[in-house]
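# Architecture and fold: a report
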Amino acid sequence: MKLSDMQKDKCVRVKSLGVDAHFLNRITSIGITEGTTIRVVRNDRKMPVLVYVRQTLLALNREDCEKIEIEEVA
Amino acid sequence: MNSIALLGQPNSGKSTVFNALTGARQHVGNWPGKTVEKKEGSFTYKGAKYTITDLPGSYGLTGNSDEEKITVDYIKAGHADLVCILVDASQLERSMYMLAEFAGMNVPSVLVLNMMDVAEDKGISVNAGELSRRLGIPVLPFTAADGKGYDRLRDLFETELSSPHLLTSAPNLAEAKSLKEQGEAKYTWITQMLEGVTTTGSLDYKMSRFDRLATAPVLGKFISIGVILLGFIVAMAICMPFMMLGSMFPVLMNEPIANALTAIHIHPWLVSIFSLLIPNTLYFSTAMAAFVLGVNLVFGYLEEKGFIARTAYQFDGVLSKVGLQGKAVAPILMGFGCTIGGTSGTRVMDNWGQKMLAMAIVWAVPCGSIWAVMPVISGMFFPWWGTLLVCVGILAYVFVLMWFVSLVFGKKLSPVETRTGMIMELPPYHKVHWGHIVKEAFYKAGDIFVRAFRTVIVISVIFWVLQYSASGSLEDSLLYKIGTFIEPVTKIFGLGWQSFMTFLSSAFAKEAVLGVLNAIFVGQSSLLDATFHAKTSGVEGMALAQIMSQTIAPAEALALIFACTFNIPCVMALSTTYRESHSLKWTARVAAFYVGSALLLACIVYHIASLFM
C-alpha cells in the first residue's frame, strides 16, 4: 500500500522508500527511513499528506507519498 | 581567532540566536558565486572578540544542494573553531539528525537544546547532563526567543574555545554501505543517545481544534487569507501614527526653511533642495521605515507562532507553478496593500533564491495606490463600464506577469532540479516572545530608514535636475528636451512625451502620477511640487480630463494606464528590495525587466486598442 492511499488516524510502518537518491536524502533528513512508524494525521484530496513522526508533524506532498510503500500496524 | 559557526535545521532558532548575539554588528551578503545568503557577525564578551557565521539552513548534510555543500566545505576547511549545533528540544528525536550528520567531522562542538519552553509545555523533559556525558560535548538547555540567558551561551563559547571538546560518540557507519543503511544507522544512534534521556517514540498526536480548521482543504485557505489580511490591517495600524508624524516634516519644514533661506539670499536651487526635497525625503523614509516596522512585527509574530508554516501547506500546490514555496502567499497578498510591505514580508522565505523570486513576483501585484490612482485616470477617458473593464484587465494581467517573471527569473533563482514537492515540518504553535521580535523589527526599520534616505535623496536630485527650468516654464526643462527628443522612440510604445514622462514618474511613486499629469497639462503647479506632494487633492479632475483628452487619444491613455501600473512599483520598493536581497545586480535586473515589460505591454495595448478606438 502507498502512504497516499492511507486514511487518517492510521498508524503505518514504512516498507520501502524507493531508490531515488535525491528523494532518499530529503526524506531521511526530515525523519523517515524504512522501518519508521508513522501516524497519518490528515489526508485530503489534492493536499499534502500530514503525518506525525519522531515527535514532529510533517507535510509531505502527494507525489512523494506515492513513492512510499507502507503497511498498516495496529 | 574566536570563530563560531551556527549549524541547525530550519526552525531550530539559528537566526534568533544569531541576531541576539550580534545585534547590529552583522553583515549579510551571498556566498561567492551562489544564490545562498551568507550571514556573518561579531560580538565582544569580557573583552574578547568573537566572529560568528550563520551557516545556511538545511535538514541534513548528505545531499548535494548548494546549502549543504557550502556548510560541509566551510566546516571541513576548518573555518570554524567551534561549531554550535542547535536542535529543537521539543522534537529531539528528529532534529538531532543534524548532529548525526555532523558527527564524522571532528571539529570542536557544543549542542544547544533550543526551545526548552516549548518542550516543557509539551511535557517533555531532557536530561542534559546525561546526554552530554554520552556525547562527550557540552549540552546547554536554552530558549533562544527568550532574551534572557544569553550570558550562559557566551560563557559556554568562552570556555569551549579555550578547552574544546570533540564528540566521543558517532553513528556506526562501518557496516552501512547504502544511503538507506546510513540513514537508519544515524537514527539508531540518535535513539541510543536519547534512551532514558528524553521521551521518544510515542505516536500519540492530537491536533488542536484550531489546527484542524487551519489545515482543512478549503476552510484553511480562507483562514490563511483572512489572517494575513488581518495582519496587514494590524501592520497598517502600527505604521499609521509614524506615517502621520512623518507627513508633518514637509508641512512644518517647507515654508520656514524656504523663508529663512530666501531671506539670506541663497540660490533658489538650494532653497528648493532644502525646503522641498529633504523634508519630503524624510517623509518618504519615515513612511517606509514605519511600513517595514509594522510588517516585521506582524510577520515575526505569525512566523514564530507557527502560522506561516500552515499557509505554506495550504498554498504550496498553487505557487509551485511559478517556482515558489507556499509561504510566498503571505507577502504576495500583502503586496495588494503596499509593495514595500510585501517585499519586506519575504523574510519568511527559506532561502535567498526563493526570497528574490518572491520579491520579483510581489512587484507584479498592483498596490493600494495603483487602485486609487488608475481608476481616476481611466475615468477621464472612459465611461464607468470601461473603467471596470480596465480594472479587470489589470487583475488578469497580474497573473500573466507573474508567470512571465517566473519564466524569466525562475530558472536561475529557483532551479528546476531543486523544485521538489513540499516536505516540511509544521512546528507546534509556539508561545511568542515579543522581546526579540520587537528588537529585530526596530533594527530593520532603522536600517531601512537610513538606506532609504540615501537612495531617495539621490533619485530625487536626479529628478530635480531633469525638471529644473530657469524660466519656470516646462519647455525649458531638460525633461522636456529629452522627452521630445526621444518621442519618436516612445511613440512606438504608444506614448507621447507627456505620457512617457508620466510613465517615468510612476517608477518614482504611483501617487505622483496624477500630480505629474496635472503639472504637465494644466501647468498650475511645478512638476517638482506635483511629484513630491504626491497628492491627488488639488488636481482639478474636470479641467485635467478636458485638456488631456485633447492631446491624448483613448488608445494612448489605455497604454499609459497599463504601463504605469506595471512599471517599477516605486523608488521605496526598489530600495527595500535592494535592502532585502543585498544584491544590486539582481535588484537592477528585476527593475530593468519591469521597465522593459511595461513598455512592451504599452506597445501591445496601444496597437491593439488603436484598431478599435
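Please refer to the structure placed before this passage.
Residues numbered from 1 in each chain as written. Chains lettered and ligands numbered in written order. Predicted model: local features only at pLDDT ≥ 70, side-chain atom pairs only at ≥ 80, totals over all residues. Heavy atoms only, no water.

### Quick word on the overall build of chain B
Heads up, the rule is: Secondary structure elements follow DSSP: runs of H or I no shorter than four residues count as helices, runs of E no shorter than two count as strands, and numbering proceeds from the N terminus. For this measure, only C-alpha atoms enter the radius of gyration; the expected value for a globule follows 2.2 Å times N^0.38, where N is the number of residues. The contact rule is simple, with two residues in contact once any of their heavy atoms fall within 4.5 Å. Working convention for charge: Lys and Arg count positive, Asp and Glu count negative, and His plus the chain ends are omitted. Charge positions are represented by NZ for Lys, CZ for Arg, CG for Asp and CD for Glu.
Looking only at helices and strands, chain B features 27 helices and 8 strands. For a compact globule of 613 residues, the expected C-alpha radius of gyration is about 25 Å, and chain B comes in at 28 Å, within 12% of that figure. Its C-alpha atoms put chain B at 85 × 60 × 40 Å along the principal axes. Here the analysis covers contacts within chain B between residues at least 6 apart in sequence; of these, 75% occur between residues at least 24 apart. In chain B, 44 side chains carry a positive charge and 43 a negative one; their mean positions are 2 Å apart.

### Some details on a nonpolar patch on the surface
Residue and element names in this part refer to chain B. Selection criterion: Only residues whose relative accessible area exceeds 30% and that form no salt bridge are eligible for patches; like-charged ones are grouped when within 9 Å, while nonpolar side chains (Val, Leu, Ile, Met, Phe, Trp, Tyr) are grouped when within 5 Å. Note that accessible areas follow from Shrake-Rupley with a 1.4 Å probe, and for residues the cover is restricted to the protein chains shown. Here a salt bridge means any side-chain nitrogen of Lys or Arg lying within 4 Å of a carboxyl oxygen belonging to Asp or Glu. Only protein chains enter the accessibility calculation, which uses a 1.4 Å probe; a residue is then buried when its area is under 20% of its type maximum, exposed when over 50%, and partly exposed in between.
Residues Leu-600, Ile-604, Ile-608, Leu-611, Phe-612 and Met-613 make up a contiguous nonpolar surface patch of roughly 690 Å² in combined accessible area. Relative to the helices and strands, Phe-612 is located in helix 27 (residues 584-612). Phe-612 gets classed as exposed once you look at its relative accessible area, which sits at 71%.

### Observations concerning the pairing of strand 1 (residues 3-8) of chain B
The element strand 1 of chain B is extensively covered by neighbouring structure, given that 6 of its 6 residues are classed as buried. On strand 1 of chain B, burial covers both faces: Ser3(B), Ala5(B) and Leu7(B) on one face and Ile4(B), Leu6(B) and Gly8(B) on the other are all buried.

### Side note on the packing of aromatic side chains
All names here are of chain B. Counted only if it meets this: Whether two aromatic rings pair depends on their centres lying within 6.5 Å, for rings of Phe, Tyr and Trp, where Trp uses its six-membered ring; planes under 30 degrees apart make the pair stacked, over 60 edge-to-face, and the rest tilted.
Counting across every chain of the model gives 19 aromatic pairs over all chains. Summarising the aromatic geometry, the rings of Trp-31 and Tyr-74 are spaced 5.7 Å apart at their centres and angled 85° between planes, so their arrangement reads as edge-to-face. Separated by 43 residues along the polypeptide, Trp-31 in the loop between strand 2 (26-30) and strand 3 (37-45) and Tyr-74 in helix 2 (residues 66-76) bring together distant segments of the chain. A relative accessible area of 10% means that Tyr-74 is categorised as buried. Judged by centre distance (5.4 Å) and plane angle (85°), the ring pair of Phe-593 and Tyr-594 falls under edge-to-face. Both residues of the pair, Phe-593 and Tyr-594, belong to the buried class. Here the aromatic residues Trp-352, Trp-363, Phe-404, Phe-409, Trp-586, Phe-593 and Tyr-594 are joined through ring pairs into a cluster of three or more.

### Quick look at the pairing of strand 4 (residues 48-54) of chain B
All names here are of chain B. To keep things clear, this is the line we draw: Two strands are said to pair when DSSP picks up at least two bridges between them.
Taken together, the 4 bridges between strand 1 and strand 4 define a ladder with parallel strand orientation. Looking at the pairing, Ile-4 lines up with Ile-52 of strand 4. Here strand 3 runs beside strand 4; their pairing, made up of 7 bridges, is antiparallel. Bridging across to strand 4, Thr-44 finds its partner in Lys-49. Linking strand 3 back to strand 4 in an antiparallel pair, the connection comprises 2 residues, with Lys-46 at a positive phi of about 50°.

### A word on a positive patch on the surface
A grouping of Lys8(A), Lys206(B), Arg209(B) and Arg212(B) is seen on the molecular surface, where their side chains present a positively charged patch. Structurally, Arg212(B) is set in helix 9 (residues 209-214).

### Quick word on the sheet that holds strand 5 (residues 69-73) of chain A
As a reminder, the rule being used: Axes here refer to lines fitted to C-alpha atoms; in helices the fit is confined to the stretch in contact. Angles between the N-to-C directions go from 0 to 180 degrees.
Across the sheet, which stays open at both edges, the 6 strands sit in the order 5(A)-1(A)-2(A)-3(A)-4(A)-8(B) with antiparallel pairing between neighbours. The open sheet has two edge strands with one neighbour each: strand 5 of chain A together with strand 8 (423-425) of chain B. Within the sheet, the average angular offset between the axes of one strand and its neighbour, ignoring direction, is 40°. Looking at chain direction, strand 3 (residues 49-53) of chain A and strand 4 (residues 56-60) of chain A are connected through 5 bridges and run antiparallel. Bridging across to strand 4 of chain A, Val51(A) finds its partner in Leu58(A). Against the sheet, helix 12 (residues 307-319) of chain B touches strand 2 (37-42), strand 3 and strand 4 of chain A together with strand 8 of chain B, its axis set at about 155° to strand 8 of chain B.

### Section: the sheet that holds strand 5 (residues 82-88) of chain B
Residue and element names in this part refer to chain B. In space, the 7 strands of this open sheet follow the order 2-3-4-1-5-6-7, with mixed pairing throughout. Strands at the two margins of the open sheet, each flanked by one partner only, are strand 2 and strand 7 (139-141). Going across the sheet, the axis of each strand differs from the next one's by a mean of 25°, ignoring polarity. Bridge analysis of strand 1 against strand 5 gives 5 bridges, and the strand direction is parallel. Bridging from a neighbouring strand, Ile-4 pairs with Leu-82 of strand 5. Sitting on the sheet, helix 1 (residues 14-22) is in contact with strand 1, strand 2, strand 3, strand 4 and strand 5, with an inclination near 45° to strand 3.

### Describing unusual backbone geometry
All names here are of chain A. We note that Asp-9 has phi near 70°; this positive angle belongs to a residue other than glycine. As for its position among the elements, Asp-9 is in the segment before strand 1 (11-16). Unlike most non-glycine residues, Gln-55 shows phi in positive territory, near 65°. Within the secondary structure, Gln-55 is located in the loop between strand 3 and strand 4.

### Looking at the packing of helix 1 of chain B against helix 7 (residues 150-162) of chain B
Between two packed helices, both the angle of their axes relative to each other and the distance between the axes serve to describe the pair. Residue and element names in this part refer to chain B. Keep this limit in mind: Here roughly perpendicular refers to angles of 65 to 115 degrees, roughly parallel to angles under 35, roughly antiparallel to angles over 145, and oblique to all remaining angles.
Two elements in contact, helix 1 and helix 7, have axes separated by 11 Å at closest approach and are oriented at 85°. As summarised for this structure, helix 1 and helix 7 are arranged roughly perpendicular, according to the angle between their axes. Touching Thr-16, Val-17, Ala-20 and Leu-21 of helix 1 are Tyr-150, Leu-153, Arg-154 and Phe-157, all from helix 7.

### Looking at the interface of chain B and chain A
Going by this rule: Note on definitions: buried area is the accessible-area loss of two parts on being combined, 1.4 Å probe, summed for both. In protein, a polar contact requires one atom able to donate a hydrogen and another able to accept it; more generally it is a pair of N or O atoms within 3.5 Å, and residues adjacent in sequence count only if both atoms are side-chain atoms. Each residue receives one of three labels: charged for Asp, Glu, Lys and Arg, nonpolar for Ala, Val, Leu, Ile, Met, Phe, Trp, Tyr, Cys and Pro, and polar for the others, Gly being one of them.
Each partner contributes residues to the interface: chain B has 42 residues there, and chain A has 34 residues. Of all residues in chain B, the largest losses of buried area upon contact with chain A belong to Leu203(B), Tyr205(B) and Ile423(B), amounting jointly to 22% of the total for that side. Inspection of the chain B/chain A interface yields 2 salt bridges. Note that Glu93(B) and Arg54(A) form a salt bridge whose closest N and O atoms lie 3.9 Å from each other. Across the chain B-chain A interface, the total number found is 14 residue pairs in polar contact (both at pLDDT 80 or more). When residues of the side of chain B that touches chain A are traced back to their parent elements, those giving at least two are helix 3 (92-95), helix 8 (179-194), helix 9, helix 12 and strand 8 of chain B. Looking at the side of chain B that touches chain A, the element that brings in the most residues is helix 8 of chain B, giving 5 residues. Class assignment of the residues belonging to the side of chain B that touches chain A gives a composition of 16 nonpolar, 14 polar and 12 charged.

Bear in mind that shape data such as this cannot, by itself, settle questions of function.
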